[in-house]
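Residue strings, one per chain:
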Amino acid sequence: LSFSEAAIMIDPTLAWAIISLTSMSIAAYVLNLYIKIQHIFKRRHHQRKVSVQELYIYPIKSCGEIRLSNSAKVTPIGFEHDRILQVVSRVDTKDSPLDPDWSFCTPREKRCEKLFHVQPKLIIDESNTTTTLELSSKHVDNSFKLRLEEVLSRFGSPVTMPMYCKTMGWASAMLEDCGYNVGKWLEDATGITGCRLVSIGKHYSRVVKVNPKQGDEVPMIHHEHAGVLSSSPPWTSLADEAPFLLTTRSSLEDLNKRLGKGKQVDMRRFRPNIVIDGLQPWEEDSLKRIRIGAVEFHVWQRCGRCTMTTIDRDTLERCGEPLSTLGNFRERENGQRNFGMHLIPARPWELKQARVFVGDEVEILEYDEERRAEWIRIFGKSS
């Protein structure tokens, strides 16, 4: 006899109870299995790939960009050749080039807005030993070529001389004058009287610039030498605040939807180094540590935006957008209207020949819980 037949012979009521319980257990098991399978498929369906879509460098601060088609070499102060030069002009009439009266030129000032039209091009010879920076502008007929090895040599160069210059944040740094000829070409191209082109060199050192309104603590870089631990703030190029700037396509798309037809802007307004895709709009705010390829970055300070974003890169016309719209939904209590995040290499001494490639996966290692909670509260989203 089967178990059920035996149960019926003993007690039909008990038998039906056993059969009902067995059926319910089987149904519960099947339902639980179904839920698990659905969860797996849902998780796989929503699993996203965050990846690098665009890479940019700006050899001369505040001038045109170079979009890299393949990859960029990572250095402790930024991508190779990124913001290694800047245009400066005198802020008074002192005669000595060693007086700290030379200041960086910025398109925030209307007299300097033609800097945006100075277009750089890197020319690397076949032996991969010489890099030439070729400058052109629609405001002059001729171009100018500058050999970077001559002005960036750590051992000095006969064509350069040291100059104290004010950088972003108004701190002074020792930079190298690139000579009269390129200065005169830039004066003709931009209309900035008496300007000079200066570069980083063997005397250069500059740490990241903290924006106290953002409230984001600088991640110190820890070193070990001969068994002794030490730490120091990270260094940066001539960029405004940090070695790298990251933006996302989704945030730009969301901003353009809010701007409306005929008012959309492109990514040039925000001058990023790394553009990624795969995050929800503005989710970059919540990141704390990421890995791109083999390079780990601290996602440090939010990038507060200024009037440079309101200048059309082609026509040089100025308007209130996108800054006004950013103020409607991105302005924090500190008055900062943010777009993008500053990155700092976590272990700069390990970089050596490290590169970031277009298409590299972006691995999220850690979220900043406070910033993430703020993002979820404002935008009502959670991945």
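Bear in mind that the values here come from a model prediction, so they are computed numbers and not experimental data.

Each value, and the rule that gives it
- Residues numbered from 1 in each chain as written.
- Predicted model: local features only at pLDDT ≥ 70, side-chain atom pairs only at ≥ 80, totals over all residues.
- Heavy atoms only, no water.
- Helix = DSSP H or I, 4+ residues; strand = E, 2+ residues; numbered from the N terminus.
- Buried < 20%, exposed > 50% of the residue type's maximum accessible area, 1.4 Å probe, protein only.
- Areas by Shrake-Rupley, 256 points an atom, 1.4 Å probe, with all protein chains shown as cover.
- Pairing = 2+ DSSP bridges.
- Phe/Tyr/Trp six-rings, centres within 6.5 Å; stacked < 30°, edge-to-face > 60°.
- Salt bridge = Lys/Arg side-chain N within 4 Å of Asp/Glu carboxyl O.
- Core = buried A, V, L, I, M, F, W, Y, C linked by side-chain atoms within 4.5 Å.
- Contact = heavy atoms within 4.5 Å.
- Polar contact = N/O pair within 3.5 Å; in protein donor to acceptor, adjacent residues only side chain to side chain.
- Axes fitted to C-alpha atoms, helices over the stretch in contact; angles between N-to-C directions.

A. Representation of the overall build of the protein in the model. Summing up its helical and strand segments, the protein has 7 helices and 21 strands in all. Buried positions account for 48% of the 383 residues belonging to the protein. Accessible area of the protein: about 20100 Å², with a carbon and sulfur share of 53%.

B. Region of the structure containing the pairing of strand β9 (residues 144-147). Residues F144 and L146 point to one face of β9 and are all buried, whereas K145 and R147, pointing to the other face, are not buried. With 4 bridges connecting them, strand β8 (residues 131-136) and β9 associate as antiparallel partners. Residue E134 lies in a different strand from β9, and its bridge partner there is K145.

C. Broad picture of unusual backbone geometry. Geometrically, the link from E321 to P322 is a cis peptide bond, its omega value of 5° lying close to zero. Positive phi values are uncommon outside glycine, yet H81 reaches one of about 75°. Mapping H81 onto the fold places it in the loop between β4 (78-79) and β5 (85-90). Its identity as a non-glycine residue notwithstanding, R271 has a phi of 50°, on the positive side. Within the secondary structure layout, R271 lies in the loop between α5 (249-259) and β16 (274-277).

D. The arrangement of the packing of aromatic side chains in detail. This model, assessed by the stated rule, comprises 6 aromatic pairs. With 5.0 Å between their ring centres and 80° between their planes, F79 and F244 make a pair best called edge-to-face. You can see F79 sitting in strand β4 and its partner F244 sitting in strand β15 (residues 244-248), a full 165 residues away along the chain. Each ring, one from W282 and one from F379, has its centre 6.4 Å from the other, and the planes form 15°; the classification is stacked. In this pair, W282 sits in the loop between β16 and β17 (287-292) while F379 sits in helix α7 (residues 369-379), placing the two residues 97 residues apart along the sequence. On the accessibility criterion, W282 (0% relative accessible area) is buried.

E. Representation of the environment of I378. Mapped onto the elements of the fold, I378 is located in helix α7. Considered as a pair, I378 and F329 are 49 residues apart in the sequence and their alpha carbons are 8.7 Å apart.

F. The pairing of strand β1 (residues 51-57), seen in detail. Counting buried positions along β1 gives 6 out of 7 residues, so the element sits mostly inside the fold. Relative to β16, β1 runs antiparallel, the two sharing 4 bridges. Each residue of the ladder has a partner; that of E54, found in β16, is V275. Two elements, β1 and strand β2 (residues 66-68), share 3 bridges in a ladder whose sense is antiparallel. Bridging from a neighbouring strand, L55 pairs with L68 of β2.

G. Quick peek at the sheet that holds strand β3 (residues 71-75). Here 3 strands make up an open sheet; going across it, the order is β4-β3-β20 and the pairing antiparallel. Strand pairing shows two members of the sheet lacking a second neighbour, β4 and β20 (355-357), which therefore form its edges. One ladder, built from 2 bridges, connects β3 with β4; its direction is antiparallel. By the bridge assignment for β4, V74 is matched with F79.

H. View of the pattern of salt bridges. Within the structure shown, the criterion is met by 27 salt bridges. Note that R318 and E113 form a salt bridge whose closest N and O atoms lie 3.3 Å from each other. Pair noted here: R318 is in the loop between β18 (295-304) and α6 (323-329) and E113 is in the loop between β6 (102-104) and β7 (119-124), with a separation of 205 residues, a long-range link. A residue is classified by how much of its surface remains accessible, and R318, at 34% relative accessible area, is partly exposed.

I. Molecular detail of the nonpolar core. By size, the foremost hydrophobic cluster in this structure holds 35 residues, and its most contacted members are I60, L85, V87, W185, L186 and L197. Secondary-structure elements contributing two or more residues to this core are β5, β8, β9, α3 (148-152), β10 (161-166), β11 (172-177), α4 (180-190) and β12 (196-199). Sorting elements by how many residues they give to this core places α4 first, with 4 residues. Apart from the residues lying within four places of it in its own chain, the contact partners of W185 are V118, L135, S136, S137, V140, N142, S143 and F144. With 26 residues, the next largest nonpolar core counts F79, F244, I274 and I290 among its residues.

J. Seen up close, the side chain of R305. You can see R305 is positioned in the loop between β18 and α6. Polar side-chain contacts of R305 include one of 2.8 Å to the backbone oxygen of F339. Contact partners of R305, with chain neighbours within four places excluded, come to L245, T247, F270, L323, L326, R337 and F339.

K. Expanded view of α5. The set of residues buried in α5 consists of S250, S251, L252, D254, L255, N256 and L259. The elements touched by buried residues of α5 are β15, β16, α6 and β19 (338-345). A positive backbone phi angle near 90° is found at G260, which sits one or two residues after α5.

L. Structural detail: the sheet that holds β2. Taken in spatial order, the 8 strands line up as β2-β1-β16-β15-β19-β18-β17-β21 in an open sheet, and their pairing is mixed. Strand pairing shows two members of the sheet lacking a second neighbour, β2 and β21 (362-367), which therefore form its edges. Looking at each pair of strands side by side, their axes are set apart by 35° on average, direction ignored. Judged from the 5 bridges that link them, β18 and β19 form a sheet pairing that is antiparallel. Paired with G304 across the strands is N338, a residue of β19. Contacts from α5 reach β1, β2, β15, β16 and β19, with the element oriented near 55° to β15.

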